Amino acid sequence: MPGPLAGLRVLDLSRVLAGPWATQILADFGAQVIKVEKPGEGDDTRGWGPPFITNPDGSKGDAAYFLSTNRGKWSVEIDMAKPEGQKLIRELAAKSDIVMENFKVGGLKKYGLDYDSLKAVNPRLIYCSLTSFGQTGPYAQRAGYDFMIQGMGGIMSVTGQPDGLPGAEPMKIGVAFADIFTGLYCTIGIQAALFHRERTGEGQHIDMALLDVATSIMANQALNYLTTGTPPGMMGNAHPNLAPYAVFDCADGWIILATGNDAQYRRLCTLLGLPDMAEAPEFATNAQRIANRVEMTRRLTQATRRFAKLALLAACEAEGVPAGPINDLKAVFDDPQVIARGLQIAPNGIPGVRSPMSFSDADLSIGRTAPRLGQDDAS
């Protein structure tokens, strides 16, 4: 079956991660994504290695980083600094449904490739601009990268060990948190604009900013602050609003215990051989467990250290207590659930990770690998 967005054409003027992540999702959904790249160089991330893949013909290929975010696209080399390149991009935009770009604010206007210019040749065009700080505001002209935005948007203020403990320093997330989430929001916004176009016949400009997204997805932590006026801090692996919901030490390593209600907490205490804690009034409710977190954690940890990891995980599963291991990526891709869901793919022998979405009446378009630079120039 065709993908849910089959028949749509996307002109991808973006590079690095956030924009290409959005357009990769559109490609997975069946849209034709034409990636415009600088002649002879291409997207910066083609060289962001090692590791690099080996092409089927034995030659050195692109960096794994590039492959992770450009699956399913077509690559054409166009020099947009030249009038003939600008003309070609305008011709492609006239036949496209969506343009994705992540140039600095106003960066494409000098080429006649900004929204107003392309809207003139295609009024139905959905044009998504992605920058660090948005098209307006005092920071609009600033450059920025994910690491900066993680610091500015608040996530690093709540990630890492509390002050005074070993390793207590601001800590970023191990993948490009702001970039990935912004790519997802770009895709959501584009699909909403497509629906709007179906109703009105009109395209529109979407203004996406890394800092906007990083701030908005602070979720409960943002509301914890806005409700109390007190900024939350670093708590290591503890949860500000749930307990016990953390990493616990076993005889041979660490596991995660993630109780979400009082009944799960009581079952955990019973299987750990702590019936007194199950009924103790100071731990009876989630709010009381948070108030007495230090003592509760101390006593639970004394018990978990008597168990091997696999034995405790099995006991938790048998009793309906949410718990899980802490996997490295080898363990992730060896996990029978991940295997059963088909998350590891290898179109044309090139490794990849399947889009996590599955449809009952449409197929993902995941048979096309990330393109070589200029692979589709002749098309």
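For the structure, check the block above.
From a predicted model like this one, the values you see are computed outputs, not experimental measurements.

**Observations concerning the sheet that holds strand E5 (residues 74-77)**
The pairing of strands in a sheet comes from backbone hydrogen bonds and takes either a parallel or an antiparallel form.
Inference 1: Pairing within the open sheet is parallel, and its six strands lie in the order E5-E2-E1-E6-E7-E8. Strands with a single pairing partner mark the edges of an open sheet, and in this sheet they are E5 and strand E8 (204-209). Across the sheet, the axes of successive neighbouring strands diverge by a mean angle of 20 degrees, strand direction being ignored.
Inference 2: Alignment of strand E1 (residues 9-12) against strand E2 (residues 32-37), held across four bridges, turns out to be parallel. Each residue of the ladder has a partner; that of aspartate 12, found in E2, is lysine 35.
Inference 3: Along the sheet face, helix H6 (residues 177-200) touches strand E6 (98-101), strand E7 (126-131) and E8 and points at about 165 degrees away from the line of E8.

**Quick notes on the nonpolar core**
Inference 1: Within the largest apolar cluster, 36 residues are counted, with the highest numbers of intra-cluster contacts made by Leu26 and Ile190.
Inference 2: Broken down by secondary-structure element, the contributors of at least two residues to this core are helix H1 (18-28), E6, E7, H6, E8 and helix H7 (210-216).
Inference 3: Not counting residues up to four positions away in its chain, the partners in contact with isoleucine 190 are Leu26, Ile98, Met100, Ile126, Cys128 and Ile206.
Inference 4: Of all hydrophobic cores here, the second largest spans 24 residues; its members include Leu274, Ala280, Met296 and Leu300.

**Details of unusual backbone geometry**
Inference 1: Proline 50 follows glycine 49 through a cis peptide bond whose omega is 10 degrees.
Inference 2: With respect to the element layout, proline 50 can be found in the loop between E2 and strand E3 (52-54).
Inference 3: Omega for the bond connecting proline 50 with proline 51 falls within 30 degrees of zero, at 5 degrees, which places this linkage in the cis form.
Inference 4: With respect to the element layout, proline 51 can be found in the loop between E2 and E3.
Inference 5: If you check the backbone angles, asparagine 348 has positive phi at about 55 degrees while not being a glycine.
Inference 6: For asparagine 348, the position within the fold is in the loop between strand E12 (344-345) and strand E13 (352-353).

Rules used throughout
- Residues numbered from 1 in each chain as written.
- Predicted model: local features only at pLDDT ≥ 70, side-chain atom pairs only at ≥ 80, totals over all residues.
- Heavy atoms only, no water.
- Pairing = 2+ DSSP bridges.
- Helix = DSSP H or I, 4+ residues; strand = E, 2+ residues; numbered from the N terminus.
- Axes fitted to C-alpha atoms, helices over the stretch in contact; angles between N-to-C directions.
- Contact = heavy atoms within 4.5 Å.
- Core = buried A, V, L, I, M, F, W, Y, C linked by side-chain atoms within 4.5 Å.
- Buried < 20%, exposed > 50% of the residue type's maximum accessible area, 1.4 Å probe, protein only.

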